[in-house]
Amino acid sequence: MSIAKTFLGLLEAGPSHGYDLKRSYDERFGHDKPLAYGQVYATLARLLKNGLVAVDGIEPGEGPERKRYVITQEGVADIAAWLEQPERPDLYLQSTLYTKVVLAMLTGRSAREVLDTQRAEHLALMRELTRRKLDGDLADQLICDHAIFHLEADLKWLELTADRLDDLATEVAR
C-alpha cells in the first residue's frame, strides 16, 4: 500500500499534524503493521518536496514544534488520478510455493509434505482471521474477508497441485 497516497487522501479531508496522520493511518489501515514515526515524517518530507502538501502552520508542542500539513491542488490531482486507476491483480506467476514443490521433487524430498505444511499454515491463518472478524468493526471485517478469499483460492491451488503431483513429477524428471 502506498503510504504517501494514503496520507494525501487523509489530508484531503482536512489539515493534520504528522502525529494525527499516523494515528488515522494506524486506526484505519495499520492494524497489523502500524507506521513508525520516522516513516511518517520521511513520507511527509517527500510529499512536501514534491509540492503535494504544504505546511499550513506551526504550533509549539511539548517536544519539537508541530507542523500542520495541508494538501495542495497538485496533491488533490495526484490522489484523484491514483483513485481512478485500477490496481493490477496479483497473478503470482512466480510463486514461491510452486518453486518449493518443484525443488522438493528435484531433491528427493516430499512435495506432498510441502503442500500439507502450507495447507496447515493457510488454515491456521484463516481461523485467526475469522476470529478477528467476529470482534472487528466493518473495516476489519472487510479486510479479513479479502484475505480469507485469497487464502481460499490458495487452498484450491494446493488441492489441485496435490492431485497433479504424479503428472508434475513426470514433467520435473525430464
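The structure this text deals with has already been given above.
As the structure is a prediction and not an experimental result, all values here were calculated from the model.

As for the overall build of the protein
Looking only at helices and strands, one finds 8 helices and 3 strands in the protein. Counting from the amino terminus, the protein carries its helices and strands in the arrangement α-β-α-α-β-β-α-α-α-α-α. Since a compact globule built from 174 residues should have a radius of gyration of about 16 Å, the 23 Å found for the protein marks it as more spread out than a globular shape. Principal-axis analysis of the C-alpha atoms places the extent of the protein at approximately 70 × 35 × 30 Å. Put simply, the protein has 174 residues, and 32% of those count as buried. A total of about 12000 Å² of accessible surface is found on the protein, and carbon and sulfur atoms cover 54% of it. The positive charge centre, built from 22 side chains, and the negative charge centre, built from 29, are 3 Å apart in the protein.

Structural notes on the packing of helix α6 (residues 111-135) against helix α7 (residues 138-163)
Between α6 and α7, whose axes approach to 9 Å, the crossing angle comes to 160°. Considering their axes alone, α6 and α7 lie roughly antiparallel with respect to each other. When the axes of α6 and α7 are compared, the crossing they make is left-handed. Broken down by class, the residue content of the contact of α6 with α7 amounts to 13 nonpolar, 5 polar and 9 charged.

Details of a nonpolar patch on the surface
There is a patch of nonpolar side chains on the surface, built from Tyr19, Tyr37 and Tyr41 and spanning about 320 Å² of accessible area. Checked against the element boundaries, Tyr37 lands in helix α3 (residues 37-49). On the basis of relative accessibility, which here comes to 42%, the residue Tyr37 falls in the partly exposed class.

A closer look at the packing of aromatic side chains
The tally for this structure, following the rule as stated, stands at 3 aromatic pairs. Ring geometry for Phe7 and Tyr25: centres 6.3 Å apart, planes at 90°, overall edge-to-face. In this pair, Phe7 is assigned in helix α1 (residues 3-12) and Tyr25 in helix α2 (residues 18-28), connecting sequence segments 18 residues apart. Since its relative accessible area comes to 5%, Tyr25 is described here as buried. Aromatic ring contacts, followed pair by pair, group Phe7, Tyr25 and Phe29 into a single cluster. The side chain of Lys22 reaches across the aromatic face of Tyr37, ending 5.0 Å from its centre.

Concerning the pairing of strand β3 (residues 66-71)
As paired strands, strand β1 (residues 16-17) and β3 are joined by 2 bridges and run antiparallel to one another. Residue pairing for β3: His17 is matched across the bridge by Arg68. Here strand β2 (residues 53-59) runs beside β3; their pairing, made up of 6 bridges, is antiparallel. Within the sheet, the bridge partner assigned to Val53 lies in β3 and is Ile71.

A closer look at the sheet that holds β1
The 3 strands are arranged β1-β3-β2 in an open sheet whose pairing can be described as antiparallel. Edge positions in the sheet fall to β1 and β2, since each has one partner strand and no second. Most of the contacts of α3 go to β2, to which it runs at about 120°, and overall it touches β2 and β3.

How each quantity is defined
- Residues numbered from 1 in each chain as written.
- Predicted model: local features only at pLDDT ≥ 70, side-chain atom pairs only at ≥ 80, totals over all residues.
- Heavy atoms only, no water.
- Helix = DSSP H or I, 4+ residues; strand = E, 2+ residues; numbered from the N terminus.
- Rg over C-alpha atoms; globule rule 2.2 N^0.38 Å.
- Buried < 20%, exposed > 50% of the residue type's maximum accessible area, 1.4 Å probe, protein only.
- Areas by Shrake-Rupley, 256 points an atom, 1.4 Å probe, with all protein chains shown as cover.
- Lys, Arg positive; Asp, Glu negative; His and termini not counted.
- Charge placed at Lys NZ, Arg CZ, Asp CG, Glu CD.
- Axes fitted to C-alpha atoms, helices over the stretch in contact; angles between N-to-C directions.
- Parallel < 35°, antiparallel > 145°, perpendicular 65-115°, else oblique.
- Left-handed = near helix turned anticlockwise from the far one by under 90°.
- Nonpolar A, V, L, I, M, F, W, Y, C, P; charged D, E, K, R; others polar.
- Patch = residues over 30% accessible without salt bridge, like charges linked within 9 Å, V, L, I, M, F, W, Y side chains within 5 Å.
- Salt bridge = Lys/Arg side-chain N within 4 Å of Asp/Glu carboxyl O.
- Phe/Tyr/Trp six-rings, centres within 6.5 Å; stacked < 30°, edge-to-face > 60°.
- Lys NZ or Arg CZ within 6 Å of the ring centre and 35° of its normal.
- Pairing = 2+ DSSP bridges.
- Contact = heavy atoms within 4.5 Å.

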